[in-house]
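Okay, here's what each chain looks like letter by letter:
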Amino acid sequence: MTSQQTGGPLVQLTGVNKWFGELHVLQDIDLSIDRGEVVVVIGPSGSGKSTLCRTINRLESIEKGEISIDGQRLPEEGKQLARLRSDVGMVFQSFNLFAHKTILENVMLGPTKVRRTSKADAEKRARELLERVGVSAQADKYPAQLSGGQQQRVAIARALAMDPKVMLFDEPTSALDPEMINEVLDVMTSLAREGMTMIVVTHEMGFARRAANRVVFMDGGRIVEAADPQTFFTNPRSERARDFLSKILDH
Ligand SMILES: Nc1ncnc2c1ncn2[C@@H]1O[C@H](COP(=O)(O)OP(=O)(O)OP(=O)(O)O)[C@@H](O)[C@H]1O
Ligand SMILES: [Mg+2]
C-alpha cells in the first residue's frame, strides 16, 4: 500500500495559523499525533475545533505553519494533495450521504471513482465494512430509509472504505437523537481499540474518558491545555478549562 511508515508522528501541525479576514481563528497550533493515538478535541463554540479539523485535510488553507501527514507535508493543491487528502477520512455532524444512491453504492463510490478499485472488490469491501458498523441488513436501502444513527454509521463505513491513515470526526453525534448516540460511539470506540488514529471533536465526555489517549482543550483559536483524560477531567490546570468543564459536566 501507500503507507510509508516513517516512524514519526502520523499527523503533525507546527506553528499553524489561520485567519478568516480579521479573525485569527487558529493561533500557533502545535500538535503531534502518533499512530494509533486517539485525540479528543473539546472547547467552547467558536474556539476553532472544526476549522482545525478542516485544515488537516485541507478543506481550509492555512496562512502560516506546516501540516504533515505520515511525514509528508500537505501541498497547496494538485494530484499529491488529492492523494494525501484521501489518507484522511472525515465524518461530519451531518451525514451527507448521496440520497439517490443505495447504502452499498454510497460506500463503494469513493473506491471505484477515486481509487479505481474494481466493482467486485469495492462491493466485497463495502459489505465487510457495513457488517462491521452493524448496518449490513440495510445495504440495498436508500439513506432516507435509515435512522440517523444508522446513516452516521454508514458515513463511517464510507470513510473507512478509502483506507484512511487517520479519521477525523467533527461532532459526529450532535445531530442524533439520544438513543442513537451510543450506537455511533460504540463503533468509534471499537475503531479506537483496533488501533485507528483518530481526532474527535465531541461533547461526549464518556467517550473521551473511555477511548481518548489525550484530550486537547481549545479556546479562542489556541490549544490551552492538553492532557490524558484522567488528568484533564480530575485536575484541569487552566481556569478556562475548569470553567468549560463545569458547564458541560453539570447537565
Ligand atoms: N468560513 C468562515 N468564514 C469566516 N469565519 C468563519 C468561517 N468558519 C468559521 N468561522 C469563524 O471561525 C471561528 C471558529 O469556528 P469553528 O467552526 O472552527 O469553531 P468550533 O470550535 O468548531 O465551534 P462549534 O463548537 O460551534 O462547532 C468562529 O468565530 C467562526 O465564526
Ligand atoms: Mg464546530
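Going by the structure above, here's the rest.
What this report covers is the structure whose coordinates are included nearby. What you are looking at is a predicted structure, and each value in this text was computed from that prediction instead of being measured.

Describing the layout of surface pockets
Taken as a whole, the largest pocket encloses approximately 650 Å³ of empty space. R85, V88, G89, M90 and M162 are, among the 26 residues lining the largest pocket, the residues nearest its centre. Counting only elements with at least two residues in the lining of the largest pocket, the list comes to α2 (79-85), β6 (88-91), α3 (103-113) and α5 (148-160). Ranked by residue count, the leading element in the lining of the largest pocket is α3, at 6 residues. Of the residues assigned to the lining of the largest pocket, the class counts are 15 nonpolar, 8 polar and 3 charged.

Observations regarding the packing of aromatic side chains
The tally for this structure, following the rule as stated, stands at 3 aromatic pairs. When the ring of F232 is compared with that of F233, the centres are 5.5 Å apart and the planes differ by 75°; the resulting orientation is edge-to-face. Note on F233: relative accessible area 9%, which makes it buried. By way of ring pairs, the aromatic residues F217, F232, F233 and F244 are connected into one cluster. Sitting above the plane of the F233 ring, R209 keeps its charged end 4.5 Å from the centroid.

A few points about the site of ligand 1
Close to ligand 1 lie F20, L23, V25, P44, S45, G46, S47, G48, K49, S50, T51 and E171, which account for all nearby residues. The contact in question runs from an oxygen atom of ligand 1 to an N or O atom on the side chain of S50, over 2.8 Å. Considered on its own, ligand 1 offers 640 Å² of accessible surface; in the complex 58% of this is hidden by protein. Of all the secondary-structure elements, those providing two or more residues to the shell around ligand 1 are β2 (23-33) and α1 (49-56). When residues in the shell around ligand 1 are grouped by element, the largest group, 3 residues, is from α1. When its residues are assigned to classes, the shell around ligand 1 shows 4 nonpolar, 6 polar and 2 charged.

About the cut-offs
Residues numbered from 1 in each chain as written. Chains lettered and ligands numbered in written order. Predicted model: local features only at pLDDT ≥ 70, side-chain atom pairs only at ≥ 80, totals over all residues. Heavy atoms only, no water. 1 Å grid on protein atoms, 1.4 Å probe; cavity = no way out; pocket = protein on both sides within 12 Å on 5 of 7 lines; lining within 4 Å. Points joined across faces, edges and corners; volume = space filled by probe spheres on them. Helix = DSSP H or I, 4+ residues; strand = E, 2+ residues; numbered from the N terminus. Nonpolar A, V, L, I, M, F, W, Y, C, P; charged D, E, K, R; others polar. Phe/Tyr/Trp six-rings, centres within 6.5 Å; stacked < 30°, edge-to-face > 60°. Buried < 20%, exposed > 50% of the residue type's maximum accessible area, 1.4 Å probe, protein only. Lys NZ or Arg CZ within 6 Å of the ring centre and 35° of its normal. Near = heavy atom within 4 Å. Polar contact = N/O pair within 3.5 Å; in protein donor to acceptor, adjacent residues only side chain to side chain. Areas by Shrake-Rupley, 256 points an atom, 1.4 Å probe, with all protein chains shown as cover.

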